[in-house]
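Commentary on secondary and tertiary structure
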Amino acid sequence: LKQTSPLSWTSLDLKDAIIPVAVSAFDLQTLQGKLLQRGSMARAARASATFPFLFQPCGWIDATTGENFMFVDGGLSDTS
């Protein structure tokens, strides 16, 4: 049997998902919420699950614009 390596979480991209995926995160630099729709699934999940004061913010560089973000839990931008 030929052994194959398992698919790595870090290689999965949000834009390649079979079902469209958007992950919410809150940028500490602009104090605004953002929907992540492309980029690493693992990094987006980490950014969205980062609770302020418990975990370090997750750095993110937008591949299209080159903008830098510092994301934490997207629930901070929920105003309802």
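None of the values given here were measured: they were computed from a predicted structure. (Residues numbered from 1 in each chain as written. Predicted model: local features only at pLDDT ≥ 70, side-chain atom pairs only at ≥ 80, totals over all residues. Heavy atoms only, no water.)

**Comments concerning the overall build of the protein chain**
Within the protein chain one finds 1 helix and 4 strands. Evaluated residue by residue, the protein chain yields a buried proportion of 25% over its 80 residues. A fraction of 46% describes how many contacts in the protein chain between residues 6 or more apart in sequence connect residues 24 or more apart. Element-wise, carbon and sulfur atoms account for 59% of the exposed surface of the protein chain, whose accessible area totals about 6000 Å². (Helix = DSSP H or I, 4+ residues; strand = E, 2+ residues; numbered from the N terminus. Buried < 20%, exposed > 50% of the residue type's maximum accessible area, 1.4 Å probe, protein only. Contact = heavy atoms within 4.5 Å. Areas by Shrake-Rupley, 256 points an atom, 1.4 Å probe, with all protein chains shown as cover.)

**Comments concerning the confidence of the model for the protein chain**
With 84% of its residues at a pLDDT of 70 or more, the protein chain shows a mean pLDDT of 83. Contacts from residues 1-5, a stretch scored under 50 in pLDDT, to residues over four places away or in other chains number 0 contacts. (pLDDT = per-residue confidence, 0-100.)

**Quick word on the pairing of strand β2 (residues 32-36)**
Judged from the 5 bridges that link them, strand β1 (residues 23-27) and β2 form a sheet pairing that is antiparallel. Residue pairing for β2: Asp27 is matched across the bridge by Gln32. Joining the antiparallel neighbours β1 and β2 is a turn of 4 residues, in which Leu31 adopts a positive phi near 55°. (Pairing = 2+ DSSP bridges.)

**Some points on the sheet that holds β1**
Sheets are built from strands that pair by backbone hydrogen bonding, the pairs being arranged parallel or antiparallel. If you trace the 4 strands from one edge of the open sheet to the other, you get β2-β1-β4-β3, paired in antiparallel fashion. Among the strands making up the open sheet, the edge pair consists of β2 and β3 (58-61). The average undirected angle you get between the axes of adjacent strands in this sheet is 50°. Across 3 bridges, β1 lies against strand β4 (residues 68-73) in antiparallel orientation. When the sheet's bridge partners are listed, Phe26 is paired in β4 with Val72. Its contacts with the sheet place helix α1 (residues 41-48) against β1, β2, β3 and β4, and it is angled at close to 135° to β3. (Axes fitted to C-alpha atoms, helices over the stretch in contact; angles between N-to-C directions.)

**Details of unusual backbone geometry**
Unlike most non-glycine residues, Leu31 shows phi in positive territory, near 55°. Mapped onto the secondary structure, Leu31 falls in the loop between β1 and β2. When its relative accessible area of 59% is taken as the criterion, Leu31 is described as exposed. Positive phi, normally seen in glycine, also occurs at Phe53, with a value near 75°. Considering the arrangement of structural elements, one finds Phe53 in the loop between α1 and β3. Among the residues examined, Phe53 registers a relative accessible area of 85% and is labelled exposed.

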